[in-house]
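# Chain and residue survey
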Amino acid sequence: MDGLRQRFEHLLEQRNLVTEALGALEAKTGVDKRYLAAGAATLLSLYLLFGFGASLLCNVIGFVYPAYASIKAIESPSKDDDTVWLTYWVVYGLFGLAEFFSDLLLSWFPFYYAGKCAFLLFCMIPGPWNGAHMLYHRAIRPLFLKHHEAVDSVVRDFSGRALDVAAGITRDVLQTLARGRALVTPAAALGAEPKASVAQLQKDK
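Labelled according to an unreviewed UniProt entry, the protein chain appears under the name Receptor expression-enhancing protein, originating from Vulpes vulpes. Heading Sequence similarities (unreviewed entry) of the UniProt record for the protein chain holds this comment: "Belongs to the DP1 family."

What follows is the structure, encoded as structure tokens:
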């Protein structure tokens, strides 16, 4: 229990958008930011359990702050924060892919959105217990190192075939346009000959 409390207090000492907002509220209300954070977490959990639009709120939590932090990481000179948020987006993308196939079933469970929100928060919290970092290094990276050569080969093969198909379609379209132009040009020439003959006859008269 003391370990969880220390981690919680360590999170509140980090400098980010959430802790800055909690610090501003603490200065205005005089309430310790630990109680403010605990109250906000309790209200959020209750809303995700019983409120309307829990899916939207959960997606906003999992996307908006990480997107903001990613922009700040891009603009900062350090590359460490870039790695942190790239890792988060890799895990977020794979989680979204898995959720696409399981959402219709899991969304009926009463604690689904609260659990999803807790998982996304776990993936974005700073520190050595960052969930995205742990999942990447323990599960995703070993699979990637084991299979990336085969995946690269499939991607190269698919890209080559796609380029061949696109080149064939382009060639066929150009040939069709050239044939149509070849058919139109003689017809236009034949249509112009009677006009030229009439003009010549008038000139002879």
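Picking up where we left off.
Aromatic ring pairs are described here by two measures, namely the spacing of the ring centres and the angle between the planes. Counted under the stated rule, the structure contains eight aromatic pairs. With 5.2 Å between their ring centres and 75 degrees between their planes, Y88 and W89 make a pair best called edge-to-face. Classification of Y88 by relative accessible area gives buried; the value is 1%. One aromatic cluster is present, built from ring pairs that chain together F63, Y65, W85, Y88, W89 and Y92.

Its place among the elements puts L44 in helix α3 (residues 33–50). When the C-alpha atoms of L44 and A54 are compared, they prove to be 9.6 Å apart, with ten residues separating the residues in sequence. Sequence-distant contacts of L44, that is, excluding residues within four places in its chain, are made with L57, I61 and C117.

Below, the discussion takes up the UniProt feature "transmembrane region" (unreviewed entry) in the protein chain. In the UniProt entry, the feature "transmembrane region" (unreviewed entry) is given for residues 35–65, 85–106 and 118–136. Secondary structure across residues 118–136 divides into 68% helix and 0% strand, with the first and last C-alpha atoms of the span separated by 18 Å.

The subject of this paragraph is the pattern of salt bridges. Tallying each qualifying case throughout the model produces three salt bridges. E99 serves as the salt-bridge partner of K116, at 2.6 Å between the closest nitrogen and oxygen. With K116 in helix α6 (residues 112–124) and E99 in helix α5 (residues 80–106), this residue pair connects regions lying 17 residues apart in the sequence. For K116, a relative accessible area of 6% gives the class buried. For E99, a relative accessible area of 13% gives the class buried.

Each value, and the rule that gives it
- Residues numbered from 1 in each chain as written.
- Predicted model: local features only at pLDDT ≥ 70, side-chain atom pairs only at ≥ 80, totals over all residues.
- Heavy atoms only, no water.
- UniProt positions renumbered as here; feature names shortened; annotations may be inferred.
- Phe/Tyr/Trp six-rings, centres within 6.5 Å; stacked < 30°, edge-to-face > 60°.
- Buried < 20%, exposed > 50% of the residue type's maximum accessible area, 1.4 Å probe, protein only.
- Helix = DSSP H or I, 4+ residues; strand = E, 2+ residues; numbered from the N terminus.
- Contact = heavy atoms within 4.5 Å.
- Salt bridge = Lys/Arg side-chain N within 4 Å of Asp/Glu carboxyl O.

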